[in-house]
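Here is what each chain is made of, one letter per residue.
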Amino acid sequence: MAEVNKPLKINERLALTTYITDVESHIQVDNEKCKDCVTKACLYVCPAKVYELKDGKIIAHYEACLELGGCIIACHQMGNKGITWKYPKGGQGVVFKYG
Amino acid sequence: MPDADVIVVGAGLAGLSAAYRLAKLGRNVIVLERGEYPGSKNVTGGRMYLHAIKKNIDIPISEMPFERFVVRECITFLDQSSSVTLELNNYNVSEPMSATVLRARFDRWFSERVEERGATIITKAKVDDLILEDGFVKGVIVGGEKLTSNVTIIAEGVNSFLAEKLGLRKSFVPESVTVAAKGIVELGEEEINKRFNLKDKEGVAHAIIGFTNGVHGGGFIYTDREVVSIGVVCLLKSLVEHGKSIADIFEDFRLHPAVQRYIEGGKLVEYSGHLTPELGYNMIPKIYSNGVLIAGDAAGFFLEGGPILRGMDFAIESGSLAAEAANIALNKNDYSEQTLKIYMDLLNDSFVLRDLRMYKNSPKAISNPRLYTSYPKLVNQIFTQLMHIDGNPRPHMGSIIFNNILRNGQIIYLLRDIFDFLASL
């Protein structure tokens, strides 16, 4: 639980949500493609901020994924197709209690 | 003999409605759900219009785990330091039209009722592929195992990779999907009743525009029983074009005084998100083929008309109609596209395609950027000036209104936009 009237970092917000985290990532990033990407569309469309630009490279924090699938549409149609994204394995990933 | 008459992919509202109908008809139906439990991957704002579930599921609404019944509709035009709200109150709540719902709870309950009717639900089962033989879908591959059926109903939600794989559907385009970020705030039932001025199971649906700094989108507040759902919904393309993160827009919204006054002192207990298809009638994919039908969000059945957001009633109806079409095919022992096309005919006769057809231009109507920027500001300016008394000379009320509208030539846009808006909706 978190106080509702204070700004919260994305990690603090995500700590409220339940996950069963797979050891294997369901997201792959090909930075060879990302380095030529002008829009970096993945940075804006993810409510969990799974994608982070660090030292010129895109890093995917797959364990935070809320499984929308918006990143793949943004990347493949507005970016440079560097992201491969599929649903986590059955029973893995996010578990909403409210939804 | 196949393993099942019908395999349903996805235990959301479309999939569960299909399985409910088929199980009632005595068919052998298996539902495959990738989540820990049905509902664990499902998110809505949100509120459900109840007509479809009333019609298709023979359980009284009062026994369904809805949060609250909506008796008040609010639309707010929000500016930095002021807001103007339009409010509709319904005092005759004997026949509620819509209810707020939390899908993790609701879908789990629904799946239990579907199992009671005789369907099999397998959780933690992610469908990796479809079995294709002689141009027919003959079942699915799940966890490396084959599971065969006469008809497969794809109800796996907005990212229907299976429908894409079949070539029935193209990937969605950035201008026809919205991204939502949502938070659940725990306040307690009594406190919600007090803050929102509600009784018993009464609830509020509140849509808000004007705070997104030009991004095409808005916010919502829905009262659930003991928690409040708050969130923002923005067009995917618009987020990228403006270089604004949906996660940051959510924070701006949550911390805005207009939202804080409702949720202050509460605890944020869950953070979630959702992707919504806003295709419009003209972009609905082919939803039937040999041995396969597509229902719900996977088929792109969603309608946005300003504060009215409809996906769940379409999901329930399309799932039920897919079941009816599958049942007809099973009776004829013919699973060809020619027979399964009956699904399309049933949808055409139902409110699903009737309403999507009627509002086929609504994506255009709500794509007007002035709706999210200058108009909310204009409404706030006019009202603020109309209500302002400080002892100084005051212009006539009429001239306050006209000066604001005429400024920057807005009158031309305004008249054209009103005309376009009414023509498209």
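Residues numbered from 1 in each chain as written. Chains lettered and ligands numbered in written order. Predicted model: local features only at pLDDT ≥ 70, side-chain atom pairs only at ≥ 80, totals over all residues. Heavy atoms only, no water.

## Digging into the packing of helix α1 (residues 13-24) of chain B against helix α9 (residues 312-332) of chain B
All names here are of chain B. Just so we agree on the cut-off: Axis definition: a line fitted to C-alpha atoms, over the contacting stretch in the case of helices. Angles run 0 to 180 degrees between N-to-C directions. Helix numbers and strand numbers start at the N terminus; a helix is a DSSP run of H or I with at least 4 residues, a strand a run of E with at least 2. Two helices crossing with the near one rotated counterclockwise from the far one by less than a right angle form a left-handed crossing, whereas a clockwise rotation gives a right-handed crossing. Any two residues whose heavy atoms approach within 4.5 Å at even a single point are treated as in contact. Three categories are distinguished: nonpolar for Ala, Val, Leu, Ile, Met, Phe, Trp, Tyr, Cys and Pro, charged for Asp, Glu, Lys and Arg, and polar for the others, with Gly belonging to the last.
Contact pair α1 / α9: the axes reach a minimum separation of 7 Å and the direction vectors enclose 40°. Regarding α1 and α9, the two cross each other, and that crossing is right-handed. From α1, Leu13, Ala14, Ser17, Ala18, Arg21 and Leu22 reach across to α9, where they touch Met312, Ala315, Ile316, Gly319, Ser320, Ala323, Glu324, Ala326 and Asn327. Residues belonging to the contact of α1 with α9 are distributed by class as follows: 9 nonpolar, 4 polar and 2 charged.

## Regarding the domain arrangement of chain B
Residues and elements named next belong to chain B. Applied cut-off: Here the limits of each domain have been adopted from an automatic or database domain assignment. Defined in terms of a 1.4 Å probe, buried area is the accessible area two parts forfeit on being brought together, summed over both. For salt bridges, the criterion is a side-chain nitrogen of Lys or Arg within 4 Å of an Asp or Glu carboxyl oxygen. Polar contact is defined as a pair of N or O atoms within 3.5 Å, subject to the rule that within protein one atom must be able to donate a hydrogen and the other to accept it, and that residues adjacent in sequence are counted only when both atoms are side-chain atoms.
Segmentation of chain B into domains returns domain 1 (4-66 + 102-172 + 282-349), domain 2 (175-277) and domain 3 (365-424). Centre-to-centre separation of domain 2 and domain 3, based on C-alpha positions: 26 Å. For the pair domain 2 and domain 3, the summed buried surface comes to about 490 Å²; carbon and sulfur atoms form 68% of the total. The largest per-residue losses of area from domain 2 upon contact with domain 3 belong to Ile209, Gly214 and His216, which jointly make up 73% of the total buried on that side. In this assembly, domain 2 and domain 3 are joined by 0 salt bridges. Where domain 2 packs against domain 3, one counts 1 residue pair in polar contact (both at pLDDT 80 or more). In terms of residue class, the side of domain 2 that touches domain 3 is built from 2 nonpolar, 5 polar and no charged.

## Re the interface of chain A and chain B
Facing 45 residues of chain A, the contacting portion of chain B comprises 61 residues. In total, chain A and chain B occlude about 4,400 Å² of area from one another, counting both sides; carbon and sulfur atoms represent 59% of this. Linking chain A to chain B there are 5 salt bridges. A salt bridge links A:Arg13 to B:Glu251; the nearest nitrogen and oxygen atoms lie 3.5 Å apart. Counting every contact that joins chain A to chain B gives 31 residue pairs in polar contact (both at pLDDT 80 or more). Only β1 (2-3), α1 (10-14), α3 (42-45), α4 (70-78) and β7 (93-95) of chain A provide two or more residues apiece to the side of chain A that touches chain B.

## Things to note about α1(B)
Residue and element names in this part refer to chain B. Selection criterion: Multiplying one less than the number of residues by 1.5 Å gives the expected span of a helix. Note on classification: 1.4 Å probe, protein chains only; a residue is buried when its accessible area is under 20% of the maximum for its type, exposed when over 50%, partly exposed between these limits.
Over its 12 residues, α1 runs 16 Å from end to end, which matches the ideal 16 Å to within 8%, given 1.5 Å per residue. In terms of residue burial, α1 counts as a mostly covered element, since 10 of its 12 residues are buried. Within the span of α1, buried status applies to Leu13, Ala14, Gly15, Leu16, Ser17, Ala18, Ala19, Tyr20, Leu22 and Ala23. Count one or two residues on from α1 and you reach Gly26, which has phi positive near 85°.

## Observations regarding unusual backbone geometry
Positive phi is not limited to glycine here, since A:Lys81 has a value of about 60°. With respect to the helices, strands and loops of the structure, A:Lys81 is situated in the loop between α4 and β6 (83-85). Assessed through its relative accessible area of 48%, A:Lys81 is described here as partly exposed. In the Ramachandran plot, B:Asp200 falls in the positive-phi region, its phi being about 40° despite a non-glycine side chain. Structurally, the position occupied by B:Asp200 is in the loop between α5 (189-195) and β12 (202-209).

## Description of the packing of aromatic side chains
The condition is simple: Paired rings are identified among Phe, Tyr and Trp, the last through its six-membered ring, by centres lying within 6.5 Å, and are further divided according to the angle between planes into stacked (under 30 degrees), edge-to-face (over 60) and tilted (the rest). Over a ring means this: the NZ of a Lys or the CZ of an Arg is within 6 Å of the ring centre and within 35 degrees of the ring normal.
One pass over the structure, following the stated rule, counts 14 aromatic pairs over all chains. Chaining the aromatic ring pairs together yields one cluster made of B:Tyr20, B:Phe66, B:Phe69, B:Phe106, B:Trp109 and B:Phe110. A:Arg13 extends its terminal NZ or CZ atom over the ring of B:Tyr271, reaching a point 5.2 Å from the ring centre. The side chain of B:Arg169 reaches across the aromatic face of B:Phe172, ending 4.0 Å from its centre.

## Section: the nonpolar core
Residue and element names in this part refer to chain B. Stated formally: Throughout, nonpolar core names a set of buried Ala, Val, Leu, Ile, Met, Phe, Trp, Tyr and Cys residues whose side chains join them through atoms within 4.5 Å.
Counting 81 residues, the largest nonpolar core has Met48, Ile53, Phe66, Phe106, Leu293, Phe301 and Tyr343 as the members making the most contacts within it. Looking at this core, the element that brings in the most residues is α9, giving 11 residues. Apart from the residues within four sequence positions on either side, Ile53 is in contact with Met48, Ile61, Met64, Phe66, Phe106 and Ile316.

## Thoughts on the packing of helix α15 (residues 397-406) of chain B against helix α16 (residues 410-424) of chain B
All names here are of chain B. Note the threshold: Convention used here: angles under 35 degrees read as roughly parallel, angles over 145 as roughly antiparallel, angles from 65 to 115 as roughly perpendicular, and any remaining angle as oblique.
Running from N to C, α15 and α16 point in directions that differ by 90°, and their axes come no closer than 6 Å. One way to sum up the angle between α15 and α16 is to call them roughly perpendicular. Here Asn404, Ile405 and Leu406 of α15 come into contact with α16, specifically with Gln410, Ile411 and Leu414. Considering only residue class, the contact of α15 with α16 consists of 4 nonpolar, 2 polar and no charged.

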